[in-house]
Amino acid sequence: MTSMKRVFVALDNMDKAQIFSLLDKSKGKITSVKIGLELFNLYGRELVKEVYDRYKVEIFLDLKLHDIPNTVSKAIRSLKGLPISYLTLHLSGGIEMLKASVEMRNTSLPQCKLLGVSILTSLNDQDIESIWGITNSKELYKNLFLLAKKAEIEGVVCSPYELEILKDLDLGLESMCPGIRFQDEINDKSTGDQKRVLSPSSALENGATNLVIGRSLTQAVSLESRIKEIETI
């Protein structure tokens, strides 16, 4: 039986009232949430505090930080005091940016794990080739995962299709997997702008530590039935 604690519900495309309505409707079943860049830019630190204070949920702050080391370090310092369990930054920012992030996290957000974003799930092999000029995307993922380990961050964000690469490397990194859709949505090709998607059961079987699910839950015809579907995996 899969715990909903392993599912971070992405609170995207919602305003504050809709967020509170969703969490109220879940009757405590939603215990982990993801707050992304749009919501953080709109409401700032106060939303993170309010969601935590009202619902005591685990919070994944998905800011995907990517800049020069000093700027990212200061950005992490600015988050001091927030009740967040996970924070994202781009692995492609390089080893110095990642090390600076770890150092500042240890000081300002000691309870928070850093997750390195590999390749966005909206990108396919053609996109990867056009950006990085390589056709062997597996090697790119391996390099990024090895960089995460070298920088001593706790985990990576990757689509469920890259979990096998992560498992083969055996680096001891956690995995946070977006690109999750229920099987009936995949069959109907209702996957939005995500190109590398898998069902919750398949992703967990492939070794995902945690899943990120957004519209499949937040816009579900029956939230209760979708939650039960996850709990029965």
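The model shown is predicted, which means the values in this text are computed figures rather than measured ones.

About the cut-offs
- Residues numbered from 1 in each chain as written.
- Predicted model: local features only at pLDDT ≥ 70, side-chain atom pairs only at ≥ 80, totals over all residues.
- Heavy atoms only, no water.
- Helix = DSSP H or I, 4+ residues; strand = E, 2+ residues; numbered from the N terminus.
- Contact = heavy atoms within 4.5 Å.
- Areas by Shrake-Rupley, 256 points an atom, 1.4 Å probe, with all protein chains shown as cover.
- Lys, Arg positive; Asp, Glu negative; His and termini not counted.
- Charge placed at Lys NZ, Arg CZ, Asp CG, Glu CD.
- Buried < 20%, exposed > 50% of the residue type's maximum accessible area, 1.4 Å probe, protein only.
- Arc of directions from axis to C-beta.
- Polar contact = N/O pair within 3.5 Å; in protein donor to acceptor, adjacent residues only side chain to side chain.
- Salt bridge = Lys/Arg side-chain N within 4 Å of Asp/Glu carboxyl O.
- Pairing = 2+ DSSP bridges.
- Right-handed = clockwise from strand over helix to strand, strands pointing away.
- Axes fitted to C-alpha atoms, helices over the stretch in contact; angles between N-to-C directions.
- Parallel < 35°, antiparallel > 145°, perpendicular 65-115°, else oblique.
- Left-handed = near helix turned anticlockwise from the far one by under 90°.
- Phe/Tyr/Trp six-rings, centres within 6.5 Å; stacked < 30°, edge-to-face > 60°.
- Lys NZ or Arg CZ within 6 Å of the ring centre and 35° of its normal.

### Some remarks on the overall build of the protein chain
Secondary structure summary: the protein chain contains 12 helices and 8 strands in total. By principal-axis analysis of the C-alpha atoms, the protein chain measures approximately 45 × 40 × 30 Å. Sequence-distant contacts in the protein chain: of pairs separated by 6 or more residues, those separated by 24 or more amount to 68%. In the structure as shown, the protein chain presents an accessible area of about 11,200 Å², 48% of it carried by carbon and sulfur atoms. In the protein chain, 30 positive and 31 negative side-chain charges are present, and the distance between their average locations comes to 4 Å.

### Remarks on helix 1 (residues 16–25)
By the burial criterion, the buried members of helix 1 are I19, F20, L22 and L23. Looking down the long axis of helix 1, one finds its buried residues gathered within 160° of arc, a one-sided arrangement. Exposed side chains of helix 1 directed beyond 90 degrees from the buried face belong to A17 and K25. Contacts made by the buried residues of helix 1 are with strand 1 (7–10), strand 2 (32–36), helix 2 (37–43), helix 3 (45–55), helix 11 (215–218) and helix 12 (223–231). Sitting at the amino-terminal end of helix 1 is D15, which places a side-chain oxygen 3.2 Å from the backbone nitrogen of A17. Looking at the residues trailing helix 1, positive phi occurs at K27, about 55°.

### Details of the side chain of S137
Assignment of secondary structure puts S137 in helix 7 (residues 137–151). For S137, a relative accessible area of 16% puts it in the buried group. Every residue in contact with S137, bar those within four places of it in the chain, is listed here: D125 and I128.

### Focus on the pattern of salt bridges
The full count for this structure, using the stated rule, is 14 salt bridges. Note that D62 and K34 form a salt bridge whose closest N and O atoms lie 3.2 Å from each other. Placement of the pair is D62 in strand 3 (residues 58–65) and K34 in strand 2, with a sequence separation of 28 residues. Its salt-bridge partner being E174, residue K113 comes within 2.4 Å of it at the nearest N-O pair. Note that K113 is positioned in strand 5 (residues 113–117) and E174 in strand 7 (residues 174–177), a separation of 61 residues in sequence. Overall, K113 belongs to the partly exposed group, its relative accessible area being 31%. Through salt bridges with shared partners, a single network forms among D12, K34, D62 and K64.

### Quick look at the pairing of strand 1
In the case of a regular strand, side chains alternate between the two sheet surfaces. Alternating residues of strand 1 divide into V7 and V9 and F8 and A10, and every residue in both groups is buried. When strand 1 meets strand 8 (residues 210–213), the two strands line up parallel, connected through 3 bridges. Within strand 8, the position partnered with F8 by the bridge is V212. By the bridge criterion, 2 bridges tie strand 1 to strand 2 in an arrangement that is parallel. Among the inter-strand pairings, A10 is bridged to a residue of strand 2, identified as K34. Running through helix 1, the crossover from strand 1 to the neighbouring parallel element strand 2 is right-handed.

### Notes on the packing of helix 1 against helix 3
It is at 12 Å that the axes of helix 1 and helix 3 come closest, and there the two elements cross at 20°. In this view, helix 1 runs roughly parallel relative to helix 3, as classed from their interaxial angle. Crossing geometry of helix 1 relative to helix 3 is assigned as right-handed. Here K16, I19, F20, L23 and D24 of helix 1 lie close against helix 3, whose contacting residues are L47, E50, V51, R54 and Y55.

### Here we look at the sheet that holds strand 3
With parallel pairing, 8 strands are arranged side by side around a closed barrel as 1-2-3-4-5-6-7-8. Each strand of the sheet is rotated relative to its neighbour by a mean of 25°, with strand direction disregarded.

### So, the packing of aromatic side chains
Applying the stated criterion to the full structure yields 5 aromatic pairs. Between the aromatic rings of F8 and F60, the centroid separation amounts to 6.0 Å while the plane-to-plane angle is 90°, which identifies the pairing as edge-to-face. Separated by 52 residues along the polypeptide, F8 in strand 1 and F60 in strand 3 bring together distant segments of the chain. Comparing F8 with F60, the two get one shared label, buried. With centroids separated by 6.3 Å and ring planes inclined at 75°, the aromatic side chains of F60 and Y86 adopt a geometry described as edge-to-face. Of this pair, F60 sits in strand 3 while Y86 sits in strand 4 (residues 86–90), placing them 26 residues apart in sequence. Overall, the relative accessible area of 7% leaves Y86 in the buried class. Feature note: the residues F8, F60 and Y86 constitute an aromatic cluster, connected by ring pairs. R54 extends its terminal NZ or CZ atom over the ring of F20, reaching a point 4.0 Å from the ring centre.

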